[in-house]
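Geometric and topological summary
This is what each chain is made of:
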Amino acid sequence: MTDSTISSSLSRRRLLTLGASLAAGSALAACGGGKSAGEAAKGASAPQSTFSGTYDGPQVELSYWNGFTGGDGPFMTKLVEQFNTEHPNIKIVPNTIQWADFYQRLPAAVNAGEGPDVGVMHLDQLATNAARKVIVPVDDLAESLKLTGDDFSAEVWDAGVYQDARYGIPLDVHSLAMYYNTEHFAKAGITTPPTDAASFQEALDKLKAAGFEQPFWMPSLWPSHLMFLSLLWQNGGEPYAADGASATFDSAEGVKALEWQRSMVDAGYSPSNVAIDSQYVAFKNGETSITFDGIWQINDLKAAKFPFALAPIPKIGDTNAVWANSHNFYLTNQAAQDDNKLQASKVFLDWMSKKSAEWAGAGMVPARKSVRETAKVQDTTQAPIAAQISSLRFLPPVPGLGDVQAQTLEIAVANAVLGKQQPAAALKDAAGKATKLMQANQKKFGV
């Protein structure tokens, strides 16, 4: 995902993946309550209504909020314009807001009746906003649209459920991927991208021998903690307990993951202090040969006419796994309590879901299997990621988890990569603090 300047892209990419975890903390403070999702669902679910595939009611306007302010923005704008042209009795009024502002403004706006009818948010923000009654269950909507888990990967479909209710309709998935400089690889005599720990090590050594002394920069911050989560899952670990009451990222699997990250510095493949996002800037400038970053960077590199190729993150551990997030459609009470708006929202979301092949132009992987299998998607740069969608992993639906992670896990990873703490000690300290915060959140959210 791209922006017009480096400075704006730093926050942009961070918010894309975290769902604006820091901003979410402020958003929660702006909205009282603390009821469970089960309590929130009572009287808030969209009314039972059949879906004919069309809307024949009176002219209706739907306020549509999203955070697509970067290189993905023009793709979404084009889709909305096309929908409005094809549906003269439905007018989608988009409100495109930076993700940080989006998550801050959404709860208060919905409570005041001035929020969106329909919108898009990150998967890892659904549980938080569900617990705060900002969004409503969409089980009936999914049923009306005949959307089931059969047309989605189990991981992304199941991650939209919080306390037995569905709150999101997946539009896409976006994950970390491995970008490599094709000119550097050719000079080093590397003909295929590395796929595991051994071939990755071999590639780094060949790149160094070819004159690229620091071929893989390991950042201390963004997106280092996403690399850590990927490696943790590859080693067979889980970052958090299933019940959302404790952090488990300080396991032996977690320590092994973080030790590998620090080893990139110790072995001289990376500088010792890589600032946030500097590894991507260095890659784009040809200073380094390989970088792990999100697939939203595809269009930025293409626009720069940079010689790159993309491949899945190598299997450094025992199994293929990589961190991912997803943009999900949601509904608020403003649409759910007005049958005309509800019917129009169904038409809009159904249409958008089916058009996700066009959305793939923004660098995303369509969430729907039936769309991913089309030739249009299989011919995209991100096709190698789409082919391994079953290996994508998502954070569990735990309210407030993004803010907890920003205060604990991210700091631990940074301290270990910088050499300020040993990986085991850094993770142990952070996991203890995270567990306390998670338990406090359970009380706050009424879980």
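The coordinates are above.
What you see is a predicted model, and the numbers here were worked out from it, not measured in a lab.

This brings us to the packing of aromatic side chains. Tallied over the full model, the rule gives 23 aromatic pairs. For the pair Phe-329 and Phe-348, a centre-to-centre distance of 6.4 Å together with 70° between the ring planes defines the contact as edge-to-face. Highlighted residues: Phe-329 in strand E11 (residues 327–331) and Phe-348 in helix H16 (residues 339–354), separated in sequence by 19 residues. When its relative accessible area of 1% is taken as the criterion, Phe-329 is described as buried.

What follows deals with the layout of surface pockets. A volume near 280 Å³ is recorded for the largest pocket. In terms of lining, the largest pocket is formed by 14 residues, of which the most central are Glu-238, Phe-394, Leu-395, Pro-396 and Pro-397. Partitioned by chemical class, the residues of the lining of the largest pocket number ten nonpolar, no polar and four charged.

Below, the discussion takes up helix H10 (residues 197–209). Side chains that are three or four residues apart share a direction in an α-helix, a result of its 3.6 residues per turn. In this model, H10 (13 residues) spans 18 Å end to end at C-alpha, consistent with the 18 Å of a helix rising 1.5 Å per residue. Taken as a whole, H10 has its buried residues at Phe-200, Ala-203, Leu-204 and Leu-207. The arc that holds every buried residue of H10, seen down its axis, measures 100°, which confines them to one face. Projecting away from the buried face of H10 at angles above 90 degrees are the exposed residues Ala-198 and Ala-209.

Turning to the nonpolar core, a few remarks are in order. In terms of nonpolar packing, the biggest core is built from 136 residues, with Tyr-64, Phe-200, Phe-249 and Ile-290 touching the most fellow members. With residues near it in sequence (within four places) discarded, Tyr-64 still touches Met-76, Val-80, Ile-92, Val-93, Pro-94, Asn-95, Val-118, Gly-119, Val-120, Phe-329, Phe-348 and Met-352.

Moving on, we get to the sheet that holds strand E6 (residues 169–170). Read across the open sheet, the five strands follow the order E2-E1-E3-E11-E6; overall the sheet is mixed. Since the sheet does not close on itself, it has two edges, and those belong to strand E2 (90–96) and E6, each with one partner. Taken together, the five bridges between strand E3 (residues 118–122) and E11 define a ladder with antiparallel strand orientation. The residue of E11 that forms the bridge with Val-120 is Phe-329. Against the sheet, helix H5 (residues 99–111) makes contact with strand E1 (60–66), E2, E3 and E11, and its axis sits at roughly 130° relative to E3, the strand it touches most. Each of E1, E2, E3 and E11 is contacted by H16, which is oriented at about 50° to E1, the strand it contacts most.

What follows concerns the environment of Val-173. Within the element layout of this structure, Val-173 appears in strand E7 (residues 172–181). Overall, Val-173 belongs to the buried group, its relative accessible area being 1%. For the pair Val-173 and Ala-360, spaced 187 residues apart in sequence, the C-alpha to C-alpha distance is 9.9 Å. Val-173 has contacts with Val-156, Ile-295, Asn-325, Ser-326, Met-364, Val-365, Ile-389, Leu-392 and Phe-394, leaving out every residue within four places of it along the chain.

Moving on: the pattern of salt bridges. Applying the stated criterion across every chain, the model contains seven salt bridges. Residues Asp-117 and Lys-341 are paired through a salt bridge, measuring 3.2 Å at the closest nitrogen-oxygen approach. Note that Asp-117 is positioned in the loop between H5 and E3 and Lys-341 in helix H16, a separation of 224 residues in sequence. Across the salt bridge formed by Glu-202 and Lys-206, the nearest N and O atoms sit 3.5 Å from each other. With a gap of four residues between them, Glu-202 and Lys-206 both fall in helix H10, about one helical turn apart.

On to helix H11 (residues 224–234), then. Among the eleven residues that make up H11, eleven are buried, leaving the element largely enclosed by the rest of the structure. Those residues of H11 that fall on the buried side of the exposure criterion are Ser-224, His-225, Leu-226, Met-227, Phe-228, Leu-229, Ser-230, Leu-231, Leu-232, Trp-233 and Gln-234. Immediately downstream of H11, the backbone of Gly-236 shows phi near 95°, a positive value.

Two faces make up the sheet, and in a regular strand the side chains alternate between them. Of all five residues that make up E11, five are buried, and the element is covered over most of its length. Burial along E11 is two-sided: His-327, Phe-329 and Leu-331 and Asn-328 and Tyr-330, pointing in opposite directions, are all buried. In terms of strand pairing, E6 meets E11 through two bridges, oriented antiparallel. Across the sheet, Pro-170 pairs through a bridge with Asn-328, a residue of E11.

Its location among the elements puts Tyr-64 in strand E1. Residues Tyr-64 and Thr-96, spaced 32 residues apart in sequence, show a C-alpha to C-alpha distance of 8.3 Å.

Turning next to the packing of helix H22 (residues 409–417) against helix H23 (residues 423–445). H23 packs onto H22 with a crossing angle of 165° between their chain directions and a minimal axis gap of 9 Å. Taken as axis vectors, H22 and H23 run roughly antiparallel relative to one another. The two elements H22 and H23 cross, and the hand of that crossing is right-handed. Residues Leu-409, Ala-412 and Ala-416 of H22 lie in contact with H23, whose contacting residues are Pro-423, Ala-426, Leu-427 and Ala-430. Classifying every residue of the contact of H22 with H23 by side-chain character gives seven nonpolar, no polar and no charged.

What counts, and at which threshold
The numbers attached to residues start from 1 for each chain and follow its sequence in the written order. Given that the model is predicted, a residue must reach a pLDDT of at least 70 before its local features are reported, and side-chain atom pairs must reach 80 or more before they are shown or counted; all residues, however, enter totals for whole chains, interfaces and linings. Each side-chain value is derived from all of the structure's non-hydrogen atoms; neither hydrogens nor water enter the calculation. Here a Phe, Tyr or Trp ring, Trp counted by its six-membered ring, pairs with any other such ring whose centre lies within 6.5 Å, and the pair is stacked when the planes are under 30 degrees apart, edge-to-face when over 60, and tilted otherwise. Only DSSP runs of H or I reaching four residues or more are called helices, and only runs of E reaching two or more are called strands; each is numbered from the N terminus. Exposure is judged per residue with a 1.4 Å probe applied to protein chains only, and the accessible area is read against the type maximum: over 50% gives exposed, under 20% gives buried, and values in between give partly exposed. With a 1 Å grid spanning the protein atoms alone, the term cavity applies to any set of points in which a 1.4 Å probe fits but cannot get out, the term pocket to an open set with protein on both sides within 12 Å along at least five of seven lines, and the term lining residue to any residue with an atom within 4 Å of a point. Grid points are joined across faces, edges and corners, and a volume is the space filled by probe spheres set on the points. Charged residues are taken to be Asp, Glu, Lys and Arg, nonpolar residues to be Ala, Val, Leu, Ile, Met, Phe, Trp, Tyr, Cys and Pro, and polar residues to be all remaining types, Gly included. In a helix, the anticipated span is given by 1.5 Å times the number of residues less one. The arc under discussion is defined with respect to the helix axis, by the directions toward the C-beta atoms. Side-chain atoms within 4.5 Å link the members of a nonpolar core, which is a set of buried Ala, Val, Leu, Ile, Met, Phe, Trp, Tyr and Cys residues. By definition, residues are in contact when any of their heavy atoms lie within 4.5 Å. A pair of strands is treated as paired once DSSP finds two or more bridges between them. What counts as an axis is a line fitted to C-alpha atoms, over the stretch in contact for a helix, and the angles between N-to-C directions run from 0 to 180 degrees. Between Lys or Arg on one side and Asp or Glu on the other, a salt bridge is scored when a side-chain nitrogen of the former is within 4 Å of a carboxyl oxygen of the latter. In these notes the angle categories are as follows: under 35 degrees is roughly parallel, over 145 is roughly antiparallel, 65 to 115 is roughly perpendicular, and the rest is oblique. In this scheme the handedness of a crossing depends on how the near helix is turned from the far one: anticlockwise by less than a right angle means left-handed, clockwise means right-handed.

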